[in-house]
Each structure stands twice: as structure tokens, then as C-alpha cells.
Amino acid sequence: MGLTIAQKIIQNHLVSGEMKPGCDIGLKIDQTLTQDATGTMAYLEFEAMGVPRVKTEKSVAYIDHNTLQTGFENADDHRFIQSVAKKHGIWFSRPGNGICHQVHLERFGVPGKTLIGSDSHTPTGGGIGMLAMGAGGLDVAVAMGGGPYYISMPKMLRVNLTGKLSPWVSAKDVILKVLQLLSVKGGVGKIVEYSGEGVKSLSVPERATITNMGAELGATTSIFPSDEVTRSFLQAQGRGQDWVELSSDPDAVYDEEVSIDLSALEPLAACPHSPDNVKSLKEIGAIKVDQVCIGSCTNSSYLDLMRVASILKGKTVHPDVSLAIAPGSKQVYNMLAMNGALADIIAAGARVLECACGPCIGMGQSPNSKGISLRTFNRNFEGRSGTADGQIYLVSPETAAASALAGVLTDPRTLGEEAPIALPEHFLINDNMVEAPASEAEMDSVEILRGPNIKEFPVTGPLEETIAAKALLKVGDNITTDHIMPAGAKILPYRSNIPYLSNFCFGVCDKEFPARCREYGPSVVVGGQNYGQGSSREHAALVPLYLGVKAVLVKSFARIHCANLANAGILPLIFKNEADYDKIDQMDELELKNVRKAIEDNAPVIVSDKTKGIEIETEAVLSQRQREMVLAGGLLNYTREQN
Ligand code: F3S
């Protein structure tokens, strides 16, 4: 039986498991990327692993998210990442060099390689034929240390493209169509693979727009073949030697298939407040527009902004509209400056922002209250723009530019003939904002710069024979990761400062919990059903670890949080008999006798409640690999052992 493109890459990188949908597989990772908002923690974790130099072929640290510097915290984080990168063999893309996914596509992505990144839009790399996946910071740290990345083997979904896009219809409209057909849940547990005659007519940046927003389908990743179009793109980037051909076998078997006729597509928009709430511009009508933002990792390529510049040339932005444009990379920005397109953009009255995520991550440009904002971005969730009642529509750069001039949502097809814009034969190559790591001979002399916002990652040792701990917190059902570790703008700059964050742990449930942890030492948290639901943030496990939580004993766990606890080295236990939940009270003295042996033997863990004089039978929710991990004291220690 033939293989799909993704299956071929997986087969070449398979370290463990079977390529059957749903089976756990381990993959060797060739490249990693981080952005600064998740990168600080990933590098603290990498340091804690004690591996002197990354073992990947290429790892790159980007600064593109928290680029506003209104206090010392973000700047401290940037300095820390810069010095860690230099010391440990990681390339560093300085603030101002561009958005991670855009720069990675231009300068580092290689067809047929595996890439994981601590950012959910890492699948952008699928536009160049990489198997590129978003992952947690700890996963990225482990991959940099040479450990495999584990996923459940996805199903294969084929999107067959026929025909050719009509003038003024763009790649953004293709992915909006896919979202309309499949919904934001349609890609869960799947890899979306694009094929068919229509693929040939799409350039690499257009393909990358499509794979970027595959994240909104919930897909593991999306991928295009690597063909002559890919080769020309890489040659134009001066990287022709990185090209390899990649296509699916003619007899490859897909679990699902959908077809899209590109010639039949029309301009679309995702309406508030979900990327799959897609309608045609005709259906939405000529609504009045307050703001237009062009950029983000979805639509900020040279091609996108050249199209925007050609629409704006010689015109003026409507007086009721604020138009903000952020080029995706220094390469794009510089080329626009050199060929005059930037002058057209400025002359039209656009506000040009630095090459960074900017408004996409809520760093400035929040719309006015109840404001209608057209954005070329990938997400339009309620409140993400920074304005709670802002109405965000996701559109193509062409629709965005046409609407900025007219002041109302405008179909770009009304603009007349489209000026042909092609990719250049040679992009401007100037990597002077990418710093190479120190050589092996020099790395020992590199000093890591730790400002006051950079604190050590909490490290644990191997699981003890017996754990003596107090039940320092008892909570009810449906505790979310937000209860455990609240998020929010106020504490966002402290992601690299676990001691500071620990002051807020369980603050919603019991403000005194952190103080009790400091007073009494090792603890067990007792909870009800569905403990740890909600966001997958790993801080909800790392902060309790820092506070001395040894085990979490509940009626049932949410899956991802349970895995995060095991990664951190905290024992996830469930009651054999749920009624035993009622027998334990907060502040009871507990003992987990011979717990190490119980985990080794996959036997029940007996919790003695010394205060009540009773014994409670519990079970660890761990796979074989996770048992080994918990015995070692968490994923970092486990990876260190494996090395
Ligand atoms: Fe940045 Fe927005 Fe992409 S935050 S990485 S531009 S989704």
C-alpha cells in the first residue's frame, strides 16, 4: 500500500510505535522553534535538563510576541533567551527580524524534515513540505535535548484542489472555505494533506497561509507536496540545496477526502467570533469598517504586501478607518522599502508597525468599543483584540486593502483588473538580525543573562520510596487550569518567574494555599471529577511542583493536565472508590508508603490517612512510559537518563 506525504516523513522519523491511527508514536525531531512568550520557560526547562548543546539539526529562538517594553520584564526575557541561545547552540532571531513562522519559512524550513515549535501556528512550515507541529514548551525542550516527540498517530485527510484561483481571490479564501466545510473541530486527530492539479498554481507563501490556518481546524498539522514551485522558492531564498521532492504515492490511502474547485471560490470572511463562521462578502453586505489590520503569521509575506501596496497606490485610506500594516519579516519590509511599495503604503495613510505579532497577540491596535475590525489574521475569538465587544472579521489582504479605502467591507473584485504580481527571482538575503550560536570551543565562556524576572525552573529528584505529606488543599469538581494557575495580562510578563507566579496558585479557590505550602512543605491536593480541564498550560503543573505538591488525588482527570502532571513529576492518582473522597479532610496527614515500588509494579497506591487512621486504595493514571518518567522525577530527568 502506498504512503501519503506525511506518512513518508513519519516513517523516516519513527522512533517508537506503529503507524496505525490512534497509536502512540515517537518521532525524531530535526528542527525546533520557539517564540518569546513560550520560549523563556522552554529554555529554563532545557537548562534544567543539563544538556550542554542542542542535539537537533537546527533550533531557532524568535522574539516576536512580547515586543512592547513598558517595563523591564520583556526586555529581561529577550536578553535571557539571546544568551541561552548563544551558549547552547541555538540560532537567535532578534526582535524586529520578524514573526517566527514567516522567518522560519524564508530562512530555515526544509522539505521532508520534522519541526516542532512552542507556538500553535508552527504548521505554517507545511507550506514548504515540512512535518511541522505546534507543541508545549517542555516538548520542545526535550526535542532540543535529543528526545523524541510523542503524538498519537493521526488519520489522513486529503484536500483535493482543482482549477485555479480567479483574480482577487486568494489563499486566505481557500483556507476559509476549508474551515467552512470542516469546522474548527474538523481536523482534530488528523493531518490535512493538499494535493491535486490546483496545488501547482499556488506559491509557497500562499500554501503557507493555508497550512498556517490548519491550526484553526484543530489539525495535528497540514502539508503540501514539495515540487518545482517549492524548489523555485528555495532557490530564490538562496537555499536551492535544501530542496527535495516530496509527493504522495499514487495508491496512498486517505481516511477522508474533500475536493475544492479553486476557480469556483469567491472572497470570504470569517465573522465574529469564530474562524469557521465563514460567509461570502456578498452575504455579509457592505458593513461599515472602523479598523483594518494587515499582517500576522497568516498574511504578511512579500506577495501579500505587494498586493496590498498595489491596491493602495495613489489612493487614500478612508478617513473613518485606521489601517495598520505589519510586515512579516525584515526581508519583506526591506524589499518593500527598496522597490517603492512601502512609499505607496505610507503615502496612502497606513500606520506601519514593526515586524512582529503586534495586534494579533493584543500588543496594541485594539479597536474602538463595538468597533468593526477587518484583519488578515487567523483568530477572531471574542476579546482577543483587547476590546471586549470588538467585532473581528478575518479576511484576505486584498479584501482588507479594498475595504480600508472604501470604509465599508468591499469585494476586491470591484477594483477592476488585478495587477499581476509574481514572487521575485531572488529575495533580498540579509541575515544580520539572526545571531549564530557560539562554537563548541567558545560556549563555556558565554554568560547567561538573568535579570530579576528570570528564575530557575523547579527541579525534582527521582520518586521517593515513601511520601509523607499533608492534604493542604481539598477542592470540588471541574477545577480548571485557570483555577490552578490564573492567566491574564497582569501576570503574562512573569511566565519565566515561577516563584512570583506561585503567589497566585489556586488563588481563585483558596488564597492561603501558597502560604500553607511554604509553612508545611510536601503536600497532596485532593479533588473531584474532571480535575484540570480547560487550557493546556503547563504552568498549572509546574507551579504546584514548585510549591511542593507531590501528588494530586482526584475522582477523575482532564487528559492533558494529567499528562502535564506526569511530565512535571507529580503523581496523578485517582480514587479506586470515589466515595473515599469524602473521607479525607483538608490538613489530614497522609502517607504514600512504598509508592515507588507500587509505580514500578503498576500496582495500586495505598494512601494512609494518619489523621483518620484509615487506608485508601488509589490508582496512578500512567502509561508504561509515563511510569518510567514519574520514577525518574518527570520528563526532564527522564530525558537526561535516556541520554
Ligand atoms: Fe504571532 Fe499571531 Fe501568529 S501571535 S505567531 S502572528 S497567530
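If you're wondering where the values come from, they're calculated on a predicted model, not measured in any experiment. (Residues numbered from 1 in each chain as written. Predicted model: local features only at pLDDT ≥ 70, side-chain atom pairs only at ≥ 80, totals over all residues. Heavy atoms only, no water.)

Participant: In this structure, what is going on with the environment of L27? I would like to understand it.
Facilitator: Along the chain, the position of L27 falls in strand 2 (residues 24-27). Under the relative-accessibility criterion, L27 is labelled buried at 0%. The residues touching L27, leaving out its near neighbours within four places in the chain, are I10, H13, L14, V15, L131, M133, P148, Y149 and I151. (Helix = DSSP H or I, 4+ residues; strand = E, 2+ residues; numbered from the N terminus. Buried < 20%, exposed > 50% of the residue type's maximum accessible area, 1.4 Å probe, protein only. Contact = heavy atoms within 4.5 Å.)

Participant: Sorry if this is basic, but what is going on with the site of the ligand here?
Facilitator: Every residue near the ligand is listed here: H65, H101, D119, H121, S296, C297, C357, C360, I361, N378 and R384. When the residues that make up the shell around the ligand are grouped by side-chain class, the tally is four nonpolar, five polar and two charged. In terms of domain composition, the shell around the ligand takes at least three residues from each of domain 1 (5-264) and domain 2 (268-414). (Near = heavy atom within 4 Å. Nonpolar A, V, L, I, M, F, W, Y, C, P; charged D, E, K, R; others polar. Domains from an automatic or database assignment.)

Participant: Can you walk me through the sheet that holds strand 1 (residues 14-16) in this structure?
Facilitator: Strand-to-strand pairing in sheets goes through backbone hydrogen bonds, with the strands running parallel or antiparallel. As summarised here, the arrangement of the three strands in space is 1-2-8, forming an open sheet in which the pairing is antiparallel. In this open sheet, the two edge strands, each paired with only one partner strand, are strand 1 and strand 8 (149-152). Ignoring strand direction, the axes of neighbouring strands in this sheet form an average angle of 45 degrees. Relative to strand 2, strand 1 is paired through two bridges, and the arrangement is antiparallel. Within strand 2, the position partnered with L14 by the bridge is L27. (Pairing = 2+ DSSP bridges. Axes fitted to C-alpha atoms, helices over the stretch in contact; angles between N-to-C directions.)

Participant: When you look at the pairing of strand 26 (residues 605-609) in this model, what are you seeing that I'm missing?
Facilitator: Here strand 26 lies mainly inside the structure; four of its five residues are buried. In terms of strand pairing, strand 25 (residues 589-592) meets strand 26 through three bridges, oriented antiparallel. Counted as the bridge partner of L590 is D609 from strand 26. Pairing of strand 26 with strand 27 (residues 614-620), which is carried by five bridges, proceeds in the antiparallel orientation. Bridge pairing links S608 to E615 in strand 27. Between strand 26 and strand 27, which pair antiparallel one after the other, the connecting turn spans four residues, and G613 there sits at a positive phi close to 70 degrees.

Participant: Before we go on, may I ask you to explain the domain arrangement of the chain in this structure?
Facilitator: Note on interface size: it is often stated as the accessible area lost on association of the parts. Split into domains, the chain comes out as domain 1 (5-264), domain 2 (268-414) and domain 3 (467-642). For domain 1 and domain 2, the distance between their C-alpha centroids amounts to 24 Å. Counting residues at the interface gives 36 residues for domain 1 and 41 residues for domain 2. Interface area for domain 1 against domain 2, summed over the two sides, is near 3,100 Å², with a carbon-plus-sulfur share of 58%. A per-residue breakdown of the area domain 1 buries against domain 2 is headed by I99, W168 and K172, which together make up 22% of the total. There are two salt bridges connecting domain 1 and domain 2. (Buried area = accessible area lost by both parts, 1.4 Å probe. Salt bridge = Lys/Arg side-chain N within 4 Å of Asp/Glu carboxyl O.)

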